[in-house]
Amino acid sequence: MANFTTEAQVREKFQLNDTTLVPSSLIEAGIDDAHDELLRFLDPVFAEGTPDDALVMGETLLAGAHLFRTLASGEAFGQKHVAIGGQRVEEGARFGTLMAVATEAEKQAWYLLEPYLADRPSREVAAATDGTPILGEET
């Protein structure tokens with residue numbers, strides 16, 4: 001099944017005009033990842049035919065979230081940490097800002113996509129398990 005959004009729609013929504021910093025291949029990978037994720041939860045009724053505008057926008061936002069996480073990952077690996085004496089010099093808050101944009105885009109995407117979903121994606125970061133006694137503790 002073809003993706004619902006396009007590179008042009010993602011670039012327009014997030015104002016990504018720099019094709020050197022954000023190449024087409026990076027956006028296309030984000031779109032593919034978003035589409036694959038969306039298809040896992042999409043109600044089959046909406047899988048065929050021309051997608052609604054809200055469905056297209058939801059996938060656009062989700063693709064942007066994937067893209068910004070990728071950019072944040074690159075930023076994290078590229079940061080240089082300099083220590084002078086006991087002081088550390090950081091490069092800035094770019095990683096955190098990119099992650100915040102990704103989180104907000106994803107939140108908006110799932111809000112828009114909710115009417116089209118057969119099942120809601122789990123947003124749990126971790127699940128609690130039953131406790132296990134540690135050596136010396138009573139059960």
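Note that the coordinates shown come from a computational prediction; the quantities given were computed from them, not determined experimentally. The residue numbering used here restarts from 1 in each chain and proceeds along that chain's sequence as written. For a predicted model such as this one, the threshold for reporting local features is a pLDDT of at least 70, and the threshold for listing and counting side-chain atom pairs is 80 or more; totals across whole chains, interfaces and linings nevertheless cover every residue. The side-chain figures draw on all heavy atoms in the structure; neither hydrogens nor water molecules are used.

(A) Quick look at the overall build of the protein chain. By the criteria applied, helices consist of DSSP H or I runs no shorter than four residues and strands consist of E runs no shorter than two, each listed in order from the N terminus. A count of helices and strands for the protein chain gives 4 helices and 2 strands. In the protein chain, the succession of α and β elements from N to C terminus is α-α-α-β-β-α. For this analysis, residues touch if any pair of their heavy atoms sits within 4.5 Å. Within the protein chain, counting contacts between residues at least 6 apart in sequence, those at least 24 apart form 73% of the total. Accessible surface for the protein chain amounts to roughly 9,300 Å². Of this, 54% is attributable to carbon and sulfur atoms. Only the protein chains shown count as cover for residues, and the accessible areas themselves come from Shrake-Rupley with a 1.4 Å probe.

(B) How the structure looks around helix 2 (residues 24-41). How far a helix is expected to stretch is found by multiplying one less than its residue total by 1.5 Å. For helix 2, which comprises 18 residues, the first-to-last C-alpha distance of 26 Å matches the rise-based estimate of 26 Å (1.5 Å per residue) to within 8%. When a residue's accessible area, from a 1.4 Å probe over protein chains only, is under 20% of the maximum for its type it is buried; when over 50% it is exposed; and in between it is partly exposed. Every buried residue of helix 2 is listed here: Ile27, Gly30, Ile31, Ala34, His35, Glu37, Leu38 and Phe41.

(C) Seen up close, the packing of helix 2 against helix 3 (residues 53-78). Angular values range over 0 to 180 degrees, each being the angle between N-to-C directions of two axes fitted as lines to C-alpha atoms, with helices fitted over their stretch in contact. Axis separation between helix 2 and helix 3 bottoms out at 8 Å; the angle between their running directions is 125°. Classified by the interaxial angle, the pair formed by helix 2 and helix 3 is oblique. Crossing hand, helix 2 versus helix 3: right-handed. Here helix 2 contributes Leu26, Ile27, Gly30, Ile31, Asp33, Ala34, His35, Glu37 and Leu38 to the contact with helix 3, which in turn contributes Leu55, Glu59, Leu62, Ala63, His66, Leu67, Thr70 and Leu71. Any residue outside Ala, Val, Leu, Ile, Met, Phe, Trp, Tyr, Cys, Pro, Asp, Glu, Lys and Arg is labelled polar, Gly included; the first ten of those are nonpolar and the last four are charged. Of the residues belonging to the contact of helix 2 with helix 3, the class tally is 10 nonpolar, 4 polar and 3 charged. By the definition adopted for this analysis, an angle is roughly parallel if under 35 degrees, roughly antiparallel if over 145, roughly perpendicular if from 65 to 115, and oblique otherwise. With the far helix as reference, a near helix turned anticlockwise by less than a right angle produces a left-handed crossing, and one turned clockwise produces a right-handed crossing.

(D) Structural context of the pattern of salt bridges. Salt bridges, as used here, are contacts in which a Lys or Arg side-chain nitrogen is within 4 Å of a carboxyl oxygen on Asp or Glu. Counting across every chain of the model gives 4 salt bridges. Taking the shortest distance from any N to any O, the salt bridge between Arg69 and Glu106 comes out at 2.7 Å. Here Arg69, found in helix 3, pairs with Glu106, found in helix 4 (residues 94-113); they are 37 residues apart in sequence, far enough to count as distant. The partner of Lys107 in a salt bridge is Glu104, and the shortest N-O contact between them spans 3.5 Å. Taken together, the residues span about one helical turn, with Lys107 and Glu104 both in helix 4 at a distance of 3 residues. For Lys107, a relative accessible area of 56% puts it in the exposed group.

By themselves these figures say nothing about function.
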